[in-house]
Amino acid sequence: MRFGSDGCNLAPMFERKPPKNVFVLTGAGVSAESGLGTFRDRGGMWARFDPMRLATPEAFAADPDTVIDFYNLRRRGVVAATPNPAHVALARAEAALGERGGRLFLCTQNVDDLHERAGSRAVVHMHGELLKGRCTACGGTFACPGDLHVADACPRCGAVGTSRPDVVWFGEMPHHLDAIQAALATADLFVAIGTSGAVYPAAGYVRHARAQGIPTCELNAEPSDNADAFDEARYGPASETVPAYFA
Ligand code: BV8
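Residue indices begin from 1 for each chain and proceed along its sequence in written order. Only residues with pLDDT of 70 or above have their local features reported here, since the model is predicted, and side-chain atom pairs are shown and tallied only from 80 upward, although totals for entire chains, interfaces and linings are computed over all residues. Side-chain numbers here rest on the full set of heavy atoms in the structure, without hydrogens or water.

1. Things to note about the site of the ligand
Residues in close proximity to the ligand total 35 residues, the closest being F39, R40, G171, T195 and S196. A 3.5 Å cut-off defines polar contacts: any pair of N or O atoms within that distance qualifies, except that in protein one atom must be a possible hydrogen donor and the other a possible acceptor, and neighbouring residues in sequence count only when both atoms are side-chain atoms. A distance of 2.7 Å is found between an oxygen atom of the ligand and a side-chain nitrogen or oxygen belonging to R40. Contact distances for the ligand include 2.7 Å between an oxygen atom and a side-chain N or O atom of R74. Here the open area of atoms and residues is found with the Shrake-Rupley method and a 1.4 Å probe, where only the protein chains shown may cover a residue. In isolation the ligand offers 1,500 Å² of accessible surface; the protein chains occlude 78% of this area. Side-chain classes are defined by residue name, with Ala, Val, Leu, Ile, Met, Phe, Trp, Tyr, Cys and Pro counting as nonpolar, Asp, Glu, Lys and Arg as charged, and the others, Gly among them, as polar. Looking at side-chain class alone, the shell around the ligand contains 18 nonpolar, 11 polar and six charged residues. Here a residue counts as near a molecule or strand whenever at least one of its heavy atoms sits within 4 Å of it.

Shown next as structure tokens:
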């Protein structure tokens, strides 16, 4: 597996030493070709819906049915979607690195399960998972492959009316921050795929990587909000750029 090819002059950097601990951050763009909507592209979700009325704890408290319906609609889309070549290439890269005693740390902002369905074995969902529900009474999470309803009883503690989607809303603490920081600290390559670099703390990770002096590359449809922070970039559809990069 070569990192970087003619279009991405990381190759000279790695002629001596191929990366062993690769930190990959994915966003909605990696699932776009699987038919799942992005947020900030033209016609994206936040162009059509107000995130402050759908993706905050306050919105859920004010109008739980509308928020639950929004996520039920998205969950049906996830269930109907299939992984694309970008997801498959990342799963293969994880296996190939593992065989060499290395690690691909896959941190995703996405709440779909397409990385897992493509074969990735270790996926860190920092913004939660749409196919899980969470109980606000006991804090437990549970599988939620179908529609969630506010009046559902928690399958763990039996409380009624305390179920919510297990996703991280604006103003809520993302998951797995300690593991993410530890993986960043030991990475020797940082690759961001399909993310606009608009949402923190994820959007700040590339600068952490740069501060450590490790190479950074963005694989995106177009320059992201933090494109200036990357050493290299390859622009195009993820289903093409990701397999080529991790070939
Ligand atoms: C928090 C819910 C406290 C789940 C979402 C500074 C530091 C810390 C926090 C903040 C800060 N400044 C502001 C904040 C607050 C806030 C924030 O970042 N606001 C922004 C809008 C300014 N952050 C938070 O509230 C976070 N919590 O901060 O807690 C804290 C403080 C310090 C340290 C730690 C914690 C919580 C953020 C999570 C919010 N939840 N959604 C859901 O409904 O899915 S946000 C939403 O944006 C999604 O989760 C999504 O994952 C995320 C990021 O979006 P992207 O994935 O990048 O998608 P986008 O559409 O934007 O871009 C897609 C890209 O793909 C585009 O560039 C496009 O060109 C490209 N593309 C498209 N097609 C393709 C493609 N690329 C390749 N191939 C293609 N085919």
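The structure having been displayed, the exposition proceeds.
2. What about the pairing of strand 4 (residues 128-135)?
Two strands pair when backbone bridges link them, and strand 4 and strand 6 (residues 163-167) are joined in this way by five bridges, in the antiparallel orientation. Residue G128 lies in a different strand from strand 6, and its bridge partner there is V167. Following DSSP output, two strands are said to pair if at least two bridges run between them. Starting at the N terminus, helices and strands are each numbered in turn, a helix being any DSSP run of H or I of at least four residues and a strand any DSSP run of E of at least two. Across three bridges, the pairing between strand 4 and strand 5 (residues 141-143) is antiparallel. The partner of R134 across the bridge, within strand 5, is T141. Between strand 4 and strand 5, which pair antiparallel in sequence order, lie five residues; one of them, G139, sits at a positive phi of approximately 80 degrees.

3. A look at the domain arrangement of the protein
Per the domain assignment, the segments of the protein are domain 1 (21-36 + 81-126 + 171-245) and domain 2 (45-80 + 135-167). Domain segmentation is taken from an automatic or database assignment of domains. Spacing between the C-alpha centres of domain 1 and domain 2 amounts to 26 Å. Contact residues are listed per partner, giving nine residues for domain 1 and nine residues for domain 2. Interface area for domain 1 against domain 2, summed over the two sides, is near 680 Å², with a carbon-plus-sulfur share of 52%. Buried area is understood as the total, over both parts, of accessible area removed when two parts are fitted together, assessed with a 1.4 Å probe. When the buried area of domain 1 at its contact with domain 2 is split by residue, A81, V111 and E172 rank highest and sum to 60% of it. Each salt bridge in this description consists of a side-chain nitrogen of Lys or Arg and a carboxyl oxygen of Asp or Glu lying within 4 Å of one another. Taken together, the connections running from domain 1 to domain 2 amount to one salt bridge. Salt-bridge contacts for R164 lead to E172; the nearest nitrogen and oxygen are separated by 2.8 Å. The interface formed by domain 1 and domain 2 contains five residue pairs in polar contact (both at pLDDT 80 or more). Contact definition: two residues touch when any of their heavy atoms are within 4.5 Å.

4. Details of the packing of aromatic side chains
When two rings of Phe, Tyr or Trp (its six-membered ring) have centres within 6.5 Å they constitute a pair, described as stacked for plane angles under 30 degrees, edge-to-face for angles over 60, and tilted for the intermediate range. In total, this model carries 11 aromatic pairs according to the counting rule given. A centroid spacing of 5.3 Å and a plane angle of 40 degrees characterise the contact between F60 and W169, whose relative ring orientation is tilted. With F60 in helix 4 (residues 57-62) and W169 in the loop between strand 6 and helix 8 (177-186), the pair connects residues that are 109 residues apart, well separated along the chain. These aromatic residues form a ring-pair network of at least three members: F39, W46, F49, F60, F70, Y71 and W169. Geometry around W169 places R164 over its ring, the cationic atom sitting 3.8 Å from the centre. Two limits define a charge over a ring: the Lys NZ or Arg CZ must be within 6 Å of the ring centre, and within 35 degrees of the ring normal.

5. Remarks on the sheet that holds strand 4
To summarise the sheet geometry, strands pair through backbone hydrogen bonds and adopt either a parallel or an antiparallel arrangement. Pairing is antiparallel in the open sheet, where three strands are placed in the order 5-4-6. The open sheet is flanked by strand 5 and strand 6, the only strands paired with a single partner. Between one strand axis and the next, the sheet turns through 45 degrees on average, direction left out of account. Together, strand 4 and strand 6 form the strand contacts of helix 5 (residues 64-80), whose direction differs from that of strand 4 by roughly 135 degrees. Working convention: axes come from line fits to C-alpha atoms, limited for helices to the stretch in contact. Angles between N-to-C directions cover 0 to 180 degrees.

6. Considerations on the pairing of strand 1 (residues 21-26)
The element strand 1 is extensively covered by neighbouring structure, given that five of its six residues are classed as buried. Where strand 1 lies against strand 2 (residues 103-108), six bridges are found, and the strand directions are parallel. Along strand 2, the bridge assignment pairs V22 with L104. Remark: exposure states derive from per-residue accessible area (1.4 Å probe, protein chains only) relative to the maximum for the residue type, with buried under 20%, exposed over 50%, and partly exposed in between.

7. Digging into the nonpolar core
Counting residues in hydrophobic clusters, the biggest one holds 25 residues, and the most contacted among them are W46, V67, F70, Y71, L130, V167 and W169. Elements with a minimum of two residues in this core: helix 2 (45-48), helix 4, helix 5 and strand 4. Here the element with the most residues in this core is helix 5; it accounts for five residues. When we break this core down by domain, the ones giving at least three residues each are domain 1 (21-36 + 81-126 + 171-245) and domain 2 (45-80 + 135-167). Ignoring any residue separated from it by four or fewer positions in sequence, one finds V67 in contact with R53, L54, A59, F60 and W169. We call a set of buried Ala, Val, Leu, Ile, Met, Phe, Trp, Tyr and Cys residues a nonpolar core when their side-chain atoms join them within 4.5 Å. Core analysis: the next-biggest nonpolar cluster, separate from the first, contains 20 residues, V24, L189, V191 and Y245 among them.

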